[in-house]
Amino acid sequence: DQQVKQNSPSLSVQEGRISILNCDYTNSMFDYFLWYKKYPAEGPTFLISISSIKDKNEDGRFTVFLNKSAKHLSLHIVPSQPGDSAVYFCAASEVNDMRFGAGTRLTVKP
Amino acid sequence: DTGVSQDPRHKITKRGQNVTFRCDPISEHNRLYWYRQTLGQGPEFLTYFQNEAQLEKSRLLSDRFSAERPKGSFSTLEIQRTEQGDSAMYLCASSHETGTDTQYFGPGTRLTVL
């Protein structure tokens, strides 16, 4: 059962522009949402998170938006940099049960 | 380096052999998780410990999989009688018991079963 879905397997953007990565979930009991970044041959690296009581959380160039009614979250990266090129996973958690999407490969072109 | 560490980073084994992986969590973290990741997929939860207690193991993939955390510090994941379908990246993560569940991952152990 895919409770967390990332429908875009890949995304390509130009350096300096905005990258928007999307994620949908089905379980309304999820109360904590996270984004991880993964480079090849490394484990996922925590990027940013948001609690279900908020609709936005910002950390530097990264902003996560949560729309609970639509069961949708997104990650905005602005401005995008070539070093942001990686696979991005969204995750949703309910009492230590964390589910991951399949990932979106972001490529930022110089 | 105070992050999550895993050993070995790579393991190649023959079908039918047993393998054991080790995970050392961030020292102040009392929760430890094991995941499996296959190509093109996100991490798939296997099991989780709080201190030495294994609180969730129903999602271990089969009875060939087992995990231990005897002293509440490092953990081991064992796969008995490996099969080619067990080839994957095995990830360990740890977190601190707080209101949120931000898990920090190790680099993973890549298992190849020939």
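Everything below is about the structure shown above.
Here's a quick rundown of the structure. (Residues numbered from 1 in each chain as written. Chains lettered and ligands numbered in written order. Predicted model: local features only at pLDDT ≥ 70, side-chain atom pairs only at ≥ 80, totals over all residues. Heavy atoms only, no water.)

Regarding the packing of aromatic side chains
All names here are of chain B.
Part 1: Applying the stated criterion across every chain yields a total of 13 aromatic pairs over all chains.
Part 2: Plain terms: the ring middles of Tyr-33 and Tyr-48 are 5.1 Å apart, the flat faces sit at 10° to each other, and that makes the pair stacked. Of this pair, Tyr-33 sits in strand S4 (residues 31-37) while Tyr-48 is found in strand S5 (residues 44-50), placing the two residues 15 residues apart along the sequence.
Part 3: Centroid distance Tyr-35 to Phe-105: 5.3 Å. Interplanar angle 50°. Geometry classified as tilted. (Phe/Tyr/Trp six-rings, centres within 6.5 Å; stacked < 30°, edge-to-face > 60°. Helix = DSSP H or I, 4+ residues; strand = E, 2+ residues; numbered from the N terminus.)

Considering the pairing of strand S6 (residues 56-59) of chain A
Residues and elements named next belong to chain A.
Part 1: Taken together, the four bridges between S6 and strand S7 (residues 62-67) define a ladder with antiparallel strand orientation. Across the sheet, residue Lys-56 finds its bridge partner in S7, namely Phe-65.
Part 2: From the end of S6 to the start of S7, which pair antiparallel, there are two residues, and Gly-60 there has a positive phi angle of about 65°. (Pairing = 2+ DSSP bridges.)

Description of a nonpolar patch on the surface
Residues and elements named next belong to chain A.
Part 1: On the surface, Ile-18, Ile-20 and Val-78 cluster together into a nonpolar patch covering about 230 Å² of accessible area.
Part 2: Relative to the helices and strands, Val-78 is located in the loop between strand S8 (72-77) and strand S9 (86-94).
Part 3: Given the relative accessible area of 42%, Val-78 is considered partly exposed. (Patch = residues over 30% accessible without salt bridge, like charges linked within 9 Å, V, L, I, M, F, W, Y side chains within 5 Å. Areas by Shrake-Rupley, 256 points an atom, 1.4 Å probe, with all protein chains shown as cover. Salt bridge = Lys/Arg side-chain N within 4 Å of Asp/Glu carboxyl O. Buried < 20%, exposed > 50% of the residue type's maximum accessible area, 1.4 Å probe, protein only.)

Nothing here speaks to function; it is geometry throughout.
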